[in-house]
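Fold and contact review
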Amino acid sequence: MTQVSLEKLIAGARAGSLVSFPTDTVPALAAIPEKAELIFVAKQRSQDKPLILMAASAQDLWPYVKGSENEYKIWQELTDKYWPGGLTLVLPASQLLPKVMNPTDPTTIGIRVPNSAIAQTILAQTGPLATTSANFSGQPPLQTMAEITAQFPDVLTLTTTESENEILGLGIPSTVAKWTGINWQILRQGAIKLNSSNDK
């Protein structure tokens, strides 16, 4: 049984273990960015499906992306409006990003700040984590800690007492918007509805 306390889960994540925790959308499977390969292996996920870098605040994520002053302004308009929340932005990656996060295209990275108290508590202490939904690749996202424990017996999850007060996420993945250099391209409509041209 790999259900652990919040403290142990945070310590495990920092030590490089795979962890899972609730978010505002679907539960996350997470690892420190340098250990992102563990997620690909556990999920049997193909290398061309990048992971999302999740953090407790936008300030923790900006160092991992790069853009012009004007681009940062445009990006921040969107994050000010929708973060924390179910919106993932795919932006040009900075040198700080480990290549294992997005092996086939290390020039971009998806970033997100979840609107979940428990996820934010964890991320505030681990720093940004490489994340994705907790399921085998191509299968629907698992919704409960019990399902995750059954499918990923080696992954650290929270004991039910630690996570039972957390409102279950929407069960809908985040909306994914990619910056093309001039506007937003919607890669996946999810929890937040966006228009592709711009979101004024």
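Above this text you will find the structure in question.
Predicted model, so just to flag it, every value in this text is computed and none were measured.

Analysis parameters
- Residues numbered from 1 in each chain as written.
- Predicted model: local features only at pLDDT ≥ 70, side-chain atom pairs only at ≥ 80, totals over all residues.
- Heavy atoms only, no water.
- Buried < 20%, exposed > 50% of the residue type's maximum accessible area, 1.4 Å probe, protein only.
- Helix = DSSP H or I, 4+ residues; strand = E, 2+ residues; numbered from the N terminus.
- Pairing = 2+ DSSP bridges.
- Axes fitted to C-alpha atoms, helices over the stretch in contact; angles between N-to-C directions.
- Parallel < 35°, antiparallel > 145°, perpendicular 65-115°, else oblique.
- Left-handed = near helix turned anticlockwise from the far one by under 90°.
- Contact = heavy atoms within 4.5 Å.
- Nonpolar A, V, L, I, M, F, W, Y, C, P; charged D, E, K, R; others polar.
- Arc of directions from axis to C-beta.
- 1 Å grid on protein atoms, 1.4 Å probe; cavity = no way out; pocket = protein on both sides within 12 Å on 5 of 7 lines; lining within 4 Å.
- Points joined across faces, edges and corners; volume = space filled by probe spheres on them.
- Phe/Tyr/Trp six-rings, centres within 6.5 Å; stacked < 30°, edge-to-face > 60°.

Digging into the pairing of strand β7 (residues 129-133)
β7 sits mainly inside the fold: five of its five residues count as buried. By the bridge criterion, four bridges tie strand β3 (residues 28-31) to β7 in an arrangement that is antiparallel. Counterpart to Leu-29 in the pairing with β7 is Thr-132.

What about the packing of helix α1 (residues 6-14) against helix α5 (residues 117-126)?
Relative orientation and spacing of two packed helices are given, respectively, by the angle between their axes and the distance between those axes. Running from N to C, α1 and α5 point in directions that differ by 45°, and their axes come no closer than 9 Å. Between α1 and α5, the crossing angle belongs to the class labelled oblique. In the packing of α1 onto α5, the handedness of the crossing is right-handed. Contact residues: Leu-6, Leu-9, Ile-10, Ala-13 and Arg-14 in α1; Ile-118, Thr-121, Ile-122, Gln-125 and Thr-126 in α5. Here the contact of α1 with α5 is built from residues that sort into six nonpolar, three polar and one charged.

Regarding α5
For an α-helix, the turn length of 3.6 residues means that residues three or four places apart are oriented alike. Where α5 is concerned, the buried positions are Ile-118, Ala-119, Ile-122, Leu-123 and Thr-126. Looking straight down α5, one finds that the buried residues subtend no more than 125° of arc, so they occupy a single side. Set apart from the buried face of α5 by more than 90 degrees, the exposed residues are Ala-117 and Ala-124. Positive phi appears at Gly-127, one or two residues downstream of α5, with a value of about 85°.

Re the environment of Pro-63
Structurally, Pro-63 can be placed in the loop between α3 (58-61) and α4 (69-82). Among the residues examined, Pro-63 registers a relative accessible area of 42% and is labelled partly exposed. Along the primary structure Pro-63 and Leu-96 are separated by 33 residues, whereas in three dimensions their C-alpha atoms are 7.2 Å apart. Excluding its chain neighbours within four sequence positions, the residues that come into contact with Pro-63 are Ser-94 and Leu-96.

Regarding the layout of surface pockets
Size it by volume and the largest pocket reaches roughly 700 Å³. Along its surface, the largest pocket is lined by 35 residues, and Arg-45, Pro-50, Ile-52, Val-176 and Arg-188 are the ones closest to its centre. Breaking the lining of the largest pocket down by element, the ones donating at least two residues are β4 (52-54), β5 (87-92), β6 (108-112), β7, β9 (175-179) and β10 (184-188). A total of four residues in the lining of the largest pocket trace back to one element, the largest contributor, which is β6. For the lining of the largest pocket, a count of residues per class yields 13 nonpolar, 14 polar and eight charged.

Re unusual backbone geometry
Residues apart from glycine generally show negative phi values, whereas peptide bonds are mostly found in trans. Here Trp-83 and Pro-84 are connected by a cis peptide whose omega angle stands at -10°. Relative to the assigned elements, Pro-84 resides in the loop between α4 and β5. Backbone geometry at Gln-44 places phi at a positive 55°, although glycine is not the residue there. Examined against the element boundaries, Gln-44 turns out to sit in the loop between α2 (37-43) and β4.

Quick look at the packing of aromatic side chains
The geometry of an aromatic ring pair is captured by two quantities: the separation of the ring centres and the angle between the planes. As enumerated under the stated definition, the model contains six aromatic pairs in all. The interplanar angle of 80° and the centroid separation of 5.9 Å between the aromatic rings of Trp-62 and Tyr-72 together place this pair among those described as edge-to-face. Here Trp-62, found in the loop between α3 and α4, pairs with Tyr-72, found in helix α4; they are ten residues apart in sequence, far enough to count as distant. According to the relative accessible area criterion, Trp-62 is buried, its value standing at 12%. Of the residues examined, Tyr-72 reaches a relative accessible area of 22% and is grouped as partly exposed. When the ring of Trp-75 is compared with that of Trp-179, the centres are 6.4 Å apart and the planes differ by 80°; the resulting orientation is edge-to-face. A residue pair is termed long-range when its members are at least 10 positions apart, and Trp-75 in helix α4 and Trp-179 in strand β9 qualify at 104 residues. In terms of burial, Trp-75 and Trp-179 fall into one category: buried. Each residue in the set Trp-62, Tyr-72, Trp-75, Trp-83, Trp-179 and Trp-184 is aromatic and connected to the rest through ring pairs, giving one cluster.

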